[in-house]
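Take a look at the letters that make up each chain.
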Number of protein chains: 2
Amino acid sequence: MSAAGSTAQAIACRPIGHVRSRFTDPVGMPIQTAGAADEAGSVELLPEFEAGLRDIEGFDYLILITHLHQAVEKLEVVPFMDDSSHGVFATRAPARPNRLGLSIVRLVRREGLLLHFLGNDMLDGTPVLDIKPYVPRLDVRQTERIGWFGKRIDQMPDIRADARMA
Amino acid sequence: MSAAGSTAQAIACRPIGHVRSRFTDPVGMPIQTAGAADEAGSVELLPEFEAGLRDIEGFDYLILITHLHQAVEKLEVVPFMDDSSHGVFATRAPARPNRLGLSIVRLVRREGLLLHFLGNDMLDGTPVLDIKPYVPRLDVRQTERIGWFGKRIDQMPDIRADARMA
């Protein structure tokens, strides 16, 4: 398979559900779930995927892969946490090729097709493409090499989004 | 936006690059990067996305979101780490709707469009849809509520994939 050939071939995803959230405008939103521990939201799964939820109640945290449908695509961004520009793959900015989001949320309760969670940093209506259980043995890495985040990370919980990525 | 309306509307993604790996067959592969710390691989970025890599060398770990192109789609699976069936969203099985993979790899070196890494659990040619820097303050959660993984997690480093997801 040549790289050029694959570029031409789009990969079709479809929503498995949608986020229900009090946020309808990116401006003023938390920029990360880690800065929004008390923000409630829910995932409303589409009925045809219900069988995939079996046993999910056993997990504290879920990883949501989402489509950041209101973001634009950029290769260089000034992220919310900094005032200088970086390559977008060195940031967590929503304005990125494919506009895929990653939110680690705390599962509070399942109610049929609804997953109620805390840690909401997503807009209402955000399409959810995948749900994976968070397992520390698989997902935790310890490192202090965090690039440009190093000088800004302590401000993260208080920073909110503005209009620059939309 | 109604959920039904969005289902009908596919979300088009395209590769930003591809994984280069010694693995060409799922059978015998590591099932998680956390069980493959010494496995080398690389991401070959497509040239049009190069600007997005600026400053990425500052990070130890990267999160790759991939398209598991050789997996099938299932809603219920017997995962590699267990012998009973679970809803796929309560597992990390590749055989899932949208077939999105999440690999946390250790960046060893950037060489132009190539990102050399350790922690390879991916097939050669796997399309990469996104690269995000791993930042513990954003990505680490501590929990012991890990569902069915609880009884199996110690075996994870030694378990290898078989043909059941392909």
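Structure: see above.
Residues numbered from 1 in each chain as written. Chains lettered and ligands numbered in written order. Predicted model: local features only at pLDDT ≥ 70, side-chain atom pairs only at ≥ 80, totals over all residues. Heavy atoms only, no water.

Caption draft 1: Inspection of the environment of Asp 38 of chain B at higher detail. Tracing the backbone through its elements, the reader meets Asp 38 of chain B in the loop between strand E2 (17-20) and strand E3 (40-45). When the C-alpha positions of Asp 38 of chain B and Gly 119 of chain B are compared, they lie 6.0 Å apart, and in sequence the two are 81 residues distant. (Helix = DSSP H or I, 4+ residues; strand = E, 2+ residues; numbered from the N terminus.)

Caption draft 2: The pairing of strand E9 (residues 127-133) of chain B, seen in detail. Residue and element names in this part refer to chain B. Most of E9 sits inside the fold, with seven of its seven residues counted as buried. In this sheet, E9 lies alongside E2 in antiparallel orientation, the contact comprising two bridges. Bridging from a neighbouring strand, His 18 pairs with Pro 127 of E9. Two elements, strand E4 (residues 61-67) and E9, share five bridges in a ladder whose sense is antiparallel. Directly across from Leu 64, in E9, lies its bridge partner Ile 131. (Buried < 20%, exposed > 50% of the residue type's maximum accessible area, 1.4 Å probe, protein only. Pairing = 2+ DSSP bridges.)

Caption draft 3: Broad picture of the sheet that holds E3 of chain B. Residues and elements named next belong to chain B. On the basis of which strands lie adjacent, the closed barrel formed by six strands has the order E2-E3-E8-E7-E4-E9 and antiparallel pairing. Across the sheet, the mean angle from the axis of one strand to that of its neighbour is 45°, orientation sign disregarded. By the bridge criterion, seven bridges tie E4 to strand E7 (residues 100-111) in an arrangement that is antiparallel. Residue pairing for E7: Ile 63 is matched across the bridge by Ile 104. (Axes fitted to C-alpha atoms, helices over the stretch in contact; angles between N-to-C directions.)

Caption draft 4: Just the sheet that holds strand E3 (residues 40-45) of chain A, in detail. Around the barrel, six strands lie side by side as E2-E3-E8-E7-E4-E9 (chain A); this closed barrel has antiparallel pairing. Between one strand axis and the next, the sheet turns through 45° on average, direction left out of account.

Caption draft 5: Geometry of the packing of aromatic side chains. Inspection of every chain in the model, using the stated rule, returns six aromatic pairs over all chains. Ring geometry for Phe 149 of chain A versus Phe 59 of chain B: centroids 6.0 Å apart, planes at 75°, classification edge-to-face. Placement of Phe 149 of chain A in the segment after helix H2 (136-139) and of Phe 59 of chain B in the loop between E3 and E4 is noted, with the two residues assigned to different chains. Pairing Tyr 61 of chain B with Tyr 134 of chain B gives two aromatic rings, centres 6.2 Å apart and planes at 70°, and the pair type is edge-to-face. Linking Tyr 61 of chain B in strand E4 with Tyr 134 of chain B in the loop between E9 and helix H2 (136-139), this pair joins segments that are 73 residues apart in sequence. As far as burial versus exposure is concerned, Tyr 61 of chain B and Tyr 134 of chain B are alike and both buried. A network of ring pairs unites the aromatic residues Phe 59 of chain A together with Trp 148 and Phe 149 of chain B as a single cluster. (Phe/Tyr/Trp six-rings, centres within 6.5 Å; stacked < 30°, edge-to-face > 60°.)

Caption draft 6: Structural detail: the pattern of salt bridges. Summed over all chains, the structure comprises 36 salt bridges over all chains. Linking Arg 96 of chain A and Asp 130 of chain B is a salt bridge whose minimum nitrogen-to-oxygen distance equals 2.8 Å. Taken as a pair, Arg 96 of chain A in the loop between strand E6 (86-87) and strand E7 (100-111) and Asp 130 of chain B in strand E9 lie in two separate chains rather than in one. Ionic pairing is found between Arg 110 of chain B and Glu 57 of chain B, a salt bridge with its closest N-O pair at 3.6 Å. Pair noted here: Arg 110 of chain B is in strand E7 and Glu 57 of chain B is in the loop between E3 and E4, with a separation of 53 residues, a long-range link. Classification of Arg 110 of chain B by relative accessible area gives partly exposed; the value is 23%. (Salt bridge = Lys/Arg side-chain N within 4 Å of Asp/Glu carboxyl O.)

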